[in-house]
Protein chains: 2
Amino acid sequence: MGGDFGPHCIVPASIACLAEIPSLHLVLVGQPSLLNELIAQHAGVDRARLHVEPASEVIGMDERPAQALRGKPDSSMRVALELVRDGRAHACVSAGNTGALMALSRFVLKTLPGIDRPAMVTAIPTQEGACHLLDLGANVDCSAEHLYQFAVMGAVAAEVLGLQSPRVALLNVGTEEVKGNQQVKLAASLLQGASGLNYIGFVEGDGLFRGEADVVVCDGFVGNVLLKSSEGLAAMIGARLDARFRRSLFSRLVGFLAMPLLRRLRSELAPAQYNGASFLGLQGIVVKSHGAAGPQGFGSAIRRACIEVEQDLPRRLRGRLEAMLLQ
Amino acid sequence: MGGDFGPHCIVPASIACLAEIPSLHLVLVGQPSLLNELIAQHAGVDRARLHVEPASEVIGMDERPAQALRGKPDSSMRVALELVRDGRAHACVSAGNTGALMALSRFVLKTLPGIDRPAMVTAIPTQEGACHLLDLGANVDCSAEHLYQFAVMGAVAAEVLGLQSPRVALLNVGTEEVKGNQQVKLAASLLQGASGLNYIGFVEGDGLFRGEADVVVCDGFVGNVLLKSSEGLAAMIGARLDARFRRSLFSRLVGFLAMPLLRRLRSELAPAQYNGASFLGLQGIVVKSHGAAGPQGFGSAIRRACIEVEQDLPRRLRGRLEAMLLQ
């Protein structure tokens, strides 16, 4: 029920994914009348693989996590997480309130042994391909131990998505050993001593986009600023490019000719393609879709959840964490 | 003598600025033989306004600040700052080692009353024009009081560059009051009570590039990551655009036609145009040029220093700080 467009985006995205992935079963949690009405607008839906689970309440996008936790026992978000907890679903995908989703996920699913707080990770495009960045805002005050846990979890998440021995780096203001704040310097010394992790040292903001690392670790404040400012800058460049191509008759003509190329570039870098941030460190799979994502973007988040289910991400995380954190 | 290209960039930039600004006098500090040789390659230089001041040592780009402070009494950087301290120059512009420049600036020039540590500020392009971002890396661990000082200094610096009543915002991971880490939340309460400052609240990374604020305040870790990742992302988009325009004969043709437009867009967003970060909070004017800046970029840094001299930035900062911090 959440996100900027609610079921008006989630229902068509779900139906498209069902058609695309024959093994997929989906449970839509929310107000049955609205959901069934939206489903009925589509022809040829395999209802045997699309179930509607009733939930009478909705958590607002601006509601405080504590309020969502205490006040709404029958919210769509909570019911969806309880389906995962009870083994009735393999993963929860939500476009709703991030803070509430994190608080409810911790409360309903619990964290893995050794993990204080879950982290959020997503892929962002780089010169070389993509980079997995975490934390994206779940933890704004982080200790060195938290950064260390994020590094371990980010590496496993990257492996699950197909990378072998991913290069793990700490985001910093320089690459020399003396650079950084206290947490980052201490985290570096922890990571240097870690076995079973391809830790390559510090990376700077520009190095991240040059593709110098596969997994980049930072606290949630820095990660959130980096992600949102990148979105903002890309949008600004796009808008300025459009404006340039609208200045004169000649530039309009060039713009018309260049349109297919620019469209392909845009889809190459499109947030929709990279949509879906995983919550790592929970006893279950939770994927957060961007609140403003359209059906295509929400579909990416569903596909990300499918991969994590197939790869059994929580079990792999638990095994690696036991080996690395509890030794 | 500093920066990636040393006097090979600084000498031509200086000569171009002398021709452009009739009231400008420049002192080039460094090895006289090399400097004079490079000057002699240019015709029609007004040597009455271009003086060479000898300095026998050079601080390396990777040297540690403490080493630069203790070890090299006759470095070009230190001699240049001493010229400012002794009233023989109005401002120091350097492309050298940032950490060394900050340490030497504090040691030679001293900070203004009430300022613990100077901050670095620069302008970055936004959808609406430009935004003044600070701190950019001089202070990686910041208290709420530091952020408050940065806000006051950033506002004065923006006014000096021509903005009236600049909108000052704190960079945060959300715009609601409950969002943020401890320092940011505390800084917000300090700024809400400040008079004489147009404080507008929190801004997020994407809001910054939408032009929602004129001055954006954050700690040096976050600011450095934001600045460098923006550089990296813009370079990546440019490289991917170039690659798209080189894929086929048709796309090469479109690329050829689009080239003048893209060139104008690039110069609109070019780092060179925005080059020059001011050190705020010192008893003197110091402008840091990007180490990788070319002559055009170094010229921007010189012009920024000229404006700060004309507007007497340190005196204005001192007045505002006395009114706001020491009341």
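Residues numbered from 1 in each chain as written. Chains lettered and ligands numbered in written order. Predicted model: local features only at pLDDT ≥ 70, side-chain atom pairs only at ≥ 80, totals over all residues. Heavy atoms only, no water.

Going by what an unreviewed UniProt entry lists, chain A is known as Phosphate acyltransferase and is assigned to Pseudomonas cuatrocienegasensis. Under the heading Subunit (unreviewed entry), UniProt records this for chain A: "Homodimer. Probably interacts with PlsY." UniProt's Function (unreviewed entry) comment on chain A is quoted here verbatim: "Catalyzes the reversible formation of acyl-phosphate (acyl-PO(4)) from acyl-[acyl-carrier-protein] (acyl-ACP). This enzyme utilizes acyl-ACP as fatty acyl donor, but not acyl-CoA." (UniProt positions renumbered as here; feature names shortened; annotations may be inferred.)

Peer 1: Would you explain the overall build of chain A in this entry?
Peer 2: Scanning chain A from terminus to terminus reveals twelve helices and ten strands. Expected size for 327 residues packed as a compact globule is a radius of gyration near 20 Å; at 21 Å, chain A falls within 12% of this value. With the principal axes as the frame, chain A shows a C-alpha extent of 60 × 60 × 35 Å. In chain A, which comprises 327 residues, the share counted as buried stands at 57%. Within chain A, counting contacts between residues at least 6 apart in sequence, those at least 24 apart form 70% of the total. (Helix = DSSP H or I, 4+ residues; strand = E, 2+ residues; numbered from the N terminus. Rg over C-alpha atoms; globule rule 2.2 N^0.38 Å. Buried < 20%, exposed > 50% of the residue type's maximum accessible area, 1.4 Å probe, protein only. Contact = heavy atoms within 4.5 Å.)

Peer 1: In this structure, what is going on with the packing of aromatic side chains? I would like to understand it.
Peer 2: The way to describe two aromatic rings as a pair is by their centre distance and the angle between their planes. One pass over the structure, following the stated rule, counts zero aromatic pairs over all chains. The positively charged end of Lys110 of chain A is found above the aromatic ring belonging to Phe107 of chain A, 4.9 Å away from the centroid. (Phe/Tyr/Trp six-rings, centres within 6.5 Å; stacked < 30°, edge-to-face > 60°. Lys NZ or Arg CZ within 6 Å of the ring centre and 35° of its normal.)

Peer 1: Looking at this structure, I do not really get helix α7 (residues 182-192) of chain B. What am I missing?
Peer 2: Note that an α-helix has 3.6 residues per turn; residues three or four places apart therefore point the same way. Turning to α7 of chain B, its buried residues are Val184, Ala187, Ala188 and Leu191 of chain B. Viewed end-on, α7 of chain B has its buried residues packed into an arc of 105°, placing them on one side of the element. For α7 of chain B, the elements touching its buried residues are α9 (220-244) of chain A together with α6 (144-160), β6 (168-171) and β7 (199-203) of chain B. (Arc of directions from axis to C-beta.)

Peer 1: Whenever I open this one, the pairing of strand β1 (residues 26-30) of chain A confuses me. Can you help?
Peer 2: Two faces belong to every sheet, and in a regular strand the side chains alternate between them. Residue and element names in this part refer to chain A. Of all five residues in β1, four are buried; the element is thus mostly enclosed. Bridge analysis of β1 against strand β2 (residues 50-54) gives five bridges, and the strand direction is parallel. Within β2, the residue paired with Leu28 across the bridge is Val52. Taking the sense of rotation as the criterion, the β-α-β connection linking β1, helix α2 (residues 32-40) and β2 turns out right-handed. (Pairing = 2+ DSSP bridges. Right-handed = clockwise from strand over helix to strand, strands pointing away.)

Peer 1: Any chance you could explain the packing of helix α4 (residues 76-85) of chain B against helix α5 (residues 98-109) of chain B here in plain terms?
Peer 2: In a pair of packed helices, the angle between the axes and the distance between the axes together describe the arrangement. Residues and elements named next belong to chain B. Packing of α4 against α5 brings their axes to within 10 Å, and their N-to-C directions diverge by 35°. Considering how the two elements wind past one another, α4 and α5 form a crossing that is right-handed. Judged by residue contacts, Met77, Arg78, Leu81, Glu82, Val84 and Arg85 of α4 engage Ala100, Leu101, Leu104, Ser105, Phe107, Val108 and Leu109 from α5. Residue composition of the contact of α4 with α5, grouped by class: nine nonpolar, one polar and three charged. (Axes fitted to C-alpha atoms, helices over the stretch in contact; angles between N-to-C directions. Left-handed = near helix turned anticlockwise from the far one by under 90°. Nonpolar A, V, L, I, M, F, W, Y, C, P; charged D, E, K, R; others polar.)

Peer 1: Would you mind going over the domain arrangement of chain A with me for this structure?
Peer 2: Accessible area lost on assembly of the parts is the figure often given for the size of an interface. As far as domains go, chain A holds domain 1 (7-115 + 281-318), domain 2 (122-221) and domain 3 (229-267). In this structure, domain 1 of chain A and domain 3 of chain A have C-alpha centres spaced 35 Å apart. (Domains from an automatic or database assignment.)

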